[in-house]
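Listed here are the chains, written in short residue letters.
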Amino acid sequence: MILISACLLGVNCKYNGKNNLKYDILELAKGKNIIPVCPEQLGGLPTPRIPCEIIHSTGEVIDGCGKVLNKRGEDKTEEFLKGAYETLHIAKLYNVKEVILKENSPSCGSNFVYDGTFSGKKKRGDGVTSALLKKHGIIVHNEDNYHIKGGTKDEEKNNSRNLHANNGD
Ligand code: SF4
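Residues numbered from 1 in each chain as written. Predicted model: local features only at pLDDT ≥ 70, side-chain atom pairs only at ≥ 80, totals over all residues.

(A) Highlighting the site of the ligand. Taken together, the neighbourhood of the ligand is formed by S5, A6, C7, C13, K14, C38, P39, E40, K102, S105, S107 and C108. Of the residues belonging to the shell around the ligand, the class tally is six nonpolar, three polar and three charged. (Near = placed C-beta within 6 Å. Nonpolar A, V, L, I, M, F, W, Y, C, P; charged D, E, K, R; others polar.)

(B) Highlighting the environment of S5. By the element assignment, S5 lies in strand 1 (residues 2-5). For the pair S5 and N142, spaced 137 residues apart in sequence, the C-alpha separation works out to 9.3 Å. With near-sequence residues (within four places) excluded, S5 lies in contact with V37, C38, I100, L101, K102 and C108. (Helix = DSSP H or I, 4+ residues; strand = E, 2+ residues; numbered from the N terminus. Contact = placed C-beta atoms within 7 Å.)

(C) Layout of the sheet that holds strand 1. One open sheet holds the four strands; their spatial order is 2-1-5-8, and the pairing between them is parallel. Two strands bound the open sheet, and with one partner strand each, they are strand 2 (34-37) and strand 8 (139-141). Recorded for the sheet is a direction-independent mean angle of 25° between the axes of neighbouring strands. Sheet topology places strand 1 next to strand 5 (residues 98-100); three bridges connect them, and they run parallel. Each residue of the ladder has a partner; that of I4, found in strand 5, is I100. Sheet contacts for helix 4 (residues 77-93): strand 1, strand 2 and strand 5; angle to strand 2, the most-contacted strand, approximately 170°. (Pairing = 2+ DSSP bridges. Axes fitted to C-alpha atoms, helices over the stretch in contact; angles between N-to-C directions.)

(D) Main features of the packing of helix 4 against helix 5 (residues 128-135). The N-to-C vectors of helix 4 and helix 5 enclose an angle of 40°; their axes lie 8 Å apart at closest approach. In this view, helix 4 runs oblique relative to helix 5, as classed from their interaxial angle. Here the hand of the crossing between helix 4 and helix 5 comes out right-handed. For the pair formed by helix 4 and helix 5, the contact residues are F80, L81, G83, A84, Y85, T87, L88 and A91 on the first element and V128, T129, L132 and L133 on the second. Counted by class, the contact of helix 4 with helix 5 contains nine nonpolar, three polar and no charged residues. (Parallel < 35°, antiparallel > 145°, perpendicular 65-115°, else oblique. Left-handed = near helix turned anticlockwise from the far one by under 90°.)

(E) Representation of helix 4 within the structure. For helix 4, which comprises 17 residues, the first-to-last C-alpha distance of 24 Å matches the rise-based estimate of 24 Å (1.5 Å per residue) to within 8%. N95 sits one or two residues past helix 4 and shows a positive phi near 55°. (Expected span 1.5 Å × (residues − 1).)

(F) Local environment of the pairing of strand 2. Sheet analysis places strand 1 next to strand 2, joined by four bridges and oriented parallel. Opposite I2, over in strand 2, you have I34 as the bridge partner. Viewed along the sheet, the connection from strand 1 through helix 1 (residues 23-29) into strand 2 turns out right-handed. (Right-handed = clockwise from strand over helix to strand, strands pointing away.)

Shown next, in the form of structure tokens:
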């Protein structure tokens, strides 16, 4: 069982009402037990919504000190934390050990996130959901470095991607 950012599978849950469909992720998902999840929707945010970025570090958000603000400066930390804990709850319910989450997102990013200035710049760090899942021992892949266990050797080979952590989008 693998949990995947719903936007990577073509679900229109992105902040602008669109998606981040990746055809190789869609192909990987076919015939497998997958759970599409959008933490920001699970946190109660609408779609479309005003984009958010993490102010301070992700660790501080999880520990209750940092904040997630939208572009208007409104505090959405509570919604991001709720989405993260809902995602963790689902992962535990289904005994999920690995996830594929969309890089750079303030929820789903697992190597880089936008830096909080809404200028398109990124910084190293995890999104709120990725940070929480990692803290609970769940392996977080992004759309470019996934390697899913449990398939045949050929499937595993086909599903492998080298980690190019700083490839941006
Ligand atoms: Fe995609 Fe995650 Fe953003 Fe939802 S929160 S739109 S799943 S990147």
